[in-house]
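Chain by chain, the residues run as shown.
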Amino acid sequence: QVQLVESGGGLVQAGGSLRLSCAASGSIFSINAMGWYRQAPGKQRELVAGISGSGRTNYADSVKGRFTISRNNAKNTVYLQMNSLKPEDTAVYYCNADVVTYSYTAVHPWGSGTQVTVSA
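Values in this document were obtained by computation on a predicted structure and should not be read as measured data. Within each chain, residue numbers correspond to sequence positions counted from 1 in written order. Under the rules for a predicted model, residues below a pLDDT of 70 receive no local features and side-chain atom pairs below 80 are neither given nor counted, while totals for whole chains, interfaces and linings still include all residues. Side-chain figures throughout are based on the complete set of non-hydrogen atoms in the structure, without hydrogens or water.

(A) A look at the pattern of salt bridges. Basic side-chain nitrogens of Lys or Arg form a salt bridge, by our definition, when they fall within 4 Å of a carboxyl oxygen of Asp or Glu. Evaluation of the coordinates by the stated rule reveals 4 salt bridges. Here Asp89 and Arg38 are joined by a salt bridge, their closest N and O atoms 2.9 Å apart. Within this pair, whereas Asp89 is found in the loop between β8 (77-82) and β9 (91-100), its partner Arg38 is found in strand β4 (residues 30-39), the two being separated by 51 residues in sequence. The pair Asp89 / Arg38 is uniform in exposure class, with both members buried. One continuous salt-bridge network, built from bridges that share partners, spans Arg38, Glu46, Arg66 and Asp89. Where helices and strands are cited, they refer to DSSP runs of H or I of at least four residues and of E of at least two residues respectively, numbered from the N terminus. For the exposure calls, accessible area comes from a 1.4 Å probe over protein chains only, and a residue counts as buried if that area is under 20% of its type's maximum, exposed if over 50%, partly exposed in between.

Listed below in C-alpha cells is the structure:
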C-alpha cells in the first residue's frame, strides 16, 4: 500500500504565500509523475501543477508565474509553493502520484487533501 499525506494548508490573506507538502510512504519502488490538484466547492477537481520523474513541470494557466512545483526524490515528497494568492485559489488541494510498488504494480494514490482559504 502507498499513502500520500498533504500538509501546509491554511488561511491566508490575498497576496500572501503558502507552501504545501505531500509525502509518499509505503511500498514504493519508484515514483514517476506527481501532481497537485484542487477542488473548489461546486466545481470539478482540476490539475494545478505537475512534475515528471525527470523534473519537467506543467501548470494550469491560472497559476502560471505564481505557483512553483518541485520534488525531493530522496524524501518521496512533492511541494507546491504558492505566491500572490487570490481568493479564487481557495479550494481543497490534493496530491497524486504515479507509483510503482515493490510488487511492480502501478498505483495512483490520492492524498486526503488540505484546505487552502484565501481571504480578500
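So that's the structure; there's more coming.
(B) Just the environment of Asn83, in detail. Following the sequence through the fold, Asn83 ends up in the loop between β8 and β9. Residue classification places Asn83 among the partly exposed positions, given a relative accessible area of 28%. C-alpha separation for the pair Asn83 and Leu18, spaced 65 residues apart in sequence, amounts to 6.8 Å. The contact partners of Asn83, leaving out residues within four places of it in the chain, are Gly16, Ser17, Arg66 and Phe67. Any pair of residues with heavy atoms lying within 4.5 Å of one another is described as a contacting pair.

(C) Spotlight on the pairing of β9. Of all 10 residues in β9, 8 are buried; the element is thus mostly enclosed. Of the pairings in the sheet, the one linking β4 to β9 comprises 8 bridges and is antiparallel in character. Among the inter-strand pairings, Gly35 is bridged to a residue of β9, identified as Asn96. Across 3 bridges, β9 lies against strand β11 (residues 114-119) in antiparallel orientation. Of the residues in β11, the one forming a bridge with Val92 is Gln115. In terms of strand pairing, β9 meets strand β10 (residues 106-107) through 2 bridges, oriented antiparallel. From the neighbouring strand, Val99 faces β10, where its bridge partner is Val107. The loop that links β9 with its antiparallel partner β10 comprises 5 residues; one of these, Tyr104, has a positive phi angle of about 60 degrees. For two strands to be treated as a pair, DSSP must find at least two bridges joining them.

(D) Quick look at the sheet that holds strand β3 (residues 18-26). The strand order β1-β3-β8-β7 describes an open sheet built from 4 strands, whose pairing is antiparallel. Both edges of this open sheet fall to β1 (2-7) and β7 (67-72), since each of them pairs with a single strand only. On average, adjacent strands in this sheet sit at an angle of 15 degrees to one another, irrespective of strand direction. Fitted lines through C-alpha atoms serve as axes, helices being fitted only where they are in contact, and the angles separating the N-to-C directions of these axes extend from 0 to 180 degrees.

(E) Spatial organisation of the state of the cysteines. Criterion for a disulfide: a pair of cysteine sulfur atoms at a distance within 2.5 Å. Applying the stated criterion to the full structure yields 1 disulfide. What pairs with Cys22 in a disulfide is Cys95, and their sulfur atoms sit 1.8 Å apart. Across the S-S bond linking Cys22 and Cys95, the dihedral sits near 45 degrees, which makes this disulfide right-handed. Here the residue Cys22 occupies a position in strand β3, and Cys95 occupies one in strand β9, the gap between them amounting to 73 residues.

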